[in-house]
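One-letter residues, chain by chain:
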Amino acid sequence: MACGDDGKLSLDSIRDSLIRQEDTIIFNLIERIKFPINPSLYKQQLPSSSNISGSLFQYLFQETESLQSKVGRYLSPEENPFFPDNLSDSIIPLTKCTPVLHPAAASVNVNEKILDIYINQMLPLFCTEADDDANFATTAACDIQLLQALSRRIHYGKFVAEVKFRDSTDEYKPFILAQDKDALMKLLTFEAVEEMVKKRVAKKAKVFGQEVTLNDSIEEVKGKIDPLLVSRLYDEWVMPLTKFVEVEYLLRRLD
Ligand SMILES: O=C(O)C(=O)C[C@]1(C(=O)O)C=C[C@@H](O)C=C1
């Protein structure tokens, strides 16, 4: 949802973007699972002489975000930082355009949850537990790309919620005034759409993860990623967190 796209805001256009973002997430997953979990990356305390606290991963991620913030990454309402206290001012001036989202959108950030689920549940599900392969910098680069793609997709819930609110203000308003989270969750849920998303991401995982050879007679070989796990990723984490973001945004929509 680029600056000035306000006029193009529709549920169909937002869903098209979510569909395109599936490709990014699945390709990034395929890249990450080339490596084992590499647990030392997330636990390793750096030598005290380095003056850096936390894990190597945290250090790399914070420095990446800090550098990207200098060139304006977090001026975009689509981007939400994992380490908001560690950002630098942007050297790129803010473009003047009408914001699509309500200003309270800035206070909705579920990246702490995403990071916790990613390290403690997703990596053990997708990656092998083989010994560390010491490819820490490359592994972390894959993690950061994937986490940023997941975060962008999940926080897109703000745009989905905004368009649903604009399309059906009379239906949403009483539940927002009553701060009724359950009623909002029910109203914004489309089970048939969720079923389609799960099927589509499994199909994409099968297609994107297949080995491409020039020998047509070769039997179908095991793909690079398990389609069922991708479907589970969306079912258990991506869609529930997107809906959580939608509810949190709507609760603040009339502030
Ligand atoms: O497409 C929507 O209406 C959304 O709110 C997005 C989404 C999703 O995360 O994919 C979430 C909730 C709906 O039940 C269906 C799909």
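Residues numbered from 1 in each chain as written. Predicted model: local features only at pLDDT ≥ 70, side-chain atom pairs only at ≥ 80, totals over all residues. Heavy atoms only, no water.

Novice: Before we move on, can you summarise the overall build of the chain with the specific residues and values?
Specialist: Regarding its fold elements, the chain presents ten helices and zero strands. The linear arrangement of helices and strands in the chain, starting from the amino end, is α-α-α-α-α-α-α-α-α-α. Overall, the chain is about 55 × 55 × 30 Å in size when its C-alpha atoms are taken along their principal axes. Looking at the chain residue by residue over its 255 residues, the buried ones come to 45%. Accessible surface for the chain amounts to roughly 14000 Å². Of this, 53% is attributable to carbon and sulfur atoms. (Helix = DSSP H or I, 4+ residues; strand = E, 2+ residues; numbered from the N terminus. Buried < 20%, exposed > 50% of the residue type's maximum accessible area, 1.4 Å probe, protein only. Areas by Shrake-Rupley, 256 points an atom, 1.4 Å probe, with all protein chains shown as cover.)

Novice: Explain the site of the ligand to me, using residue names and the numbers behind them.
Specialist: Within the structure, the ligand sits among 14 residues, and Arg15, Lys164, Phe190, Glu194 and Glu246 are positioned closest to it. Contact between the ligand and Arg153: an oxygen atom at 2.8 Å from a side-chain N or O atom of the residue. Phe190 is positioned with one of its backbone polar atoms (N or O) 2.7 Å from an oxygen atom of the ligand. With the chains in place, 99% of the 360 Å² that the ligand exposes on its own is no longer accessible. (Near = heavy atom within 4 Å. Polar contact = N/O pair within 3.5 Å; in protein donor to acceptor, adjacent residues only side chain to side chain.)

Novice: Account for the nonpolar core, with residues named and values stated.
Specialist: Residues Leu29, Phe57, Phe126 and Leu233 are the most contacted members of the largest nonpolar core, which totals 45 residues. Elements with a minimum of two residues in this core: α1 (11-32), α2 (40-43), α3 (56-70), α4 (111-126), α5 (136-155), α9 (191-208) and α10 (227-251). At nine residues, α10 tops the list of elements feeding residues into this core. Setting aside anything within four residues of it in sequence, one finds Phe126 in contact with Leu29, Ile33, Ile225, Leu229, Val230 and Leu233. (Core = buried A, V, L, I, M, F, W, Y, C linked by side-chain atoms within 4.5 Å. Contact = heavy atoms within 4.5 Å.)

Novice: So, unusual backbone geometry: which residues are in play, and what are the values?
Specialist: As a rule of thumb, non-glycine residues mostly have phi less than zero, and peptide bonds are mostly trans rather than cis. For Asn38, which is not glycine, the phi dihedral falls at a positive 55°. Take Asn38: it is sitting in the loop between α1 and α2. By relative accessible area, which is 0% here, Asn38 ends up buried. The backbone of Ala134 sits at a positive phi, close to 70°, despite the residue not being glycine. By secondary structure assignment, the location of Ala134 is in the loop between α4 and α5. Judged by its relative accessible area of 55%, Ala134 falls in the exposed class.

Novice: Help me get a handle on the state of the cysteines, residues and values and all.
Specialist: One pass over the structure, following the stated rule, counts zero disulfides. Free cysteine: Cys127, not disulfide-bonded; nearest cysteine sulfur from Cys142 at 9.5 Å. We classify Cys127 as buried; its relative accessible area is 6%. On the accessibility criterion, Cys142 (12% relative accessible area) is buried. (Disulfide = S-S within 2.5 Å.)

Distances and angles like these do not, on their own, reveal function.
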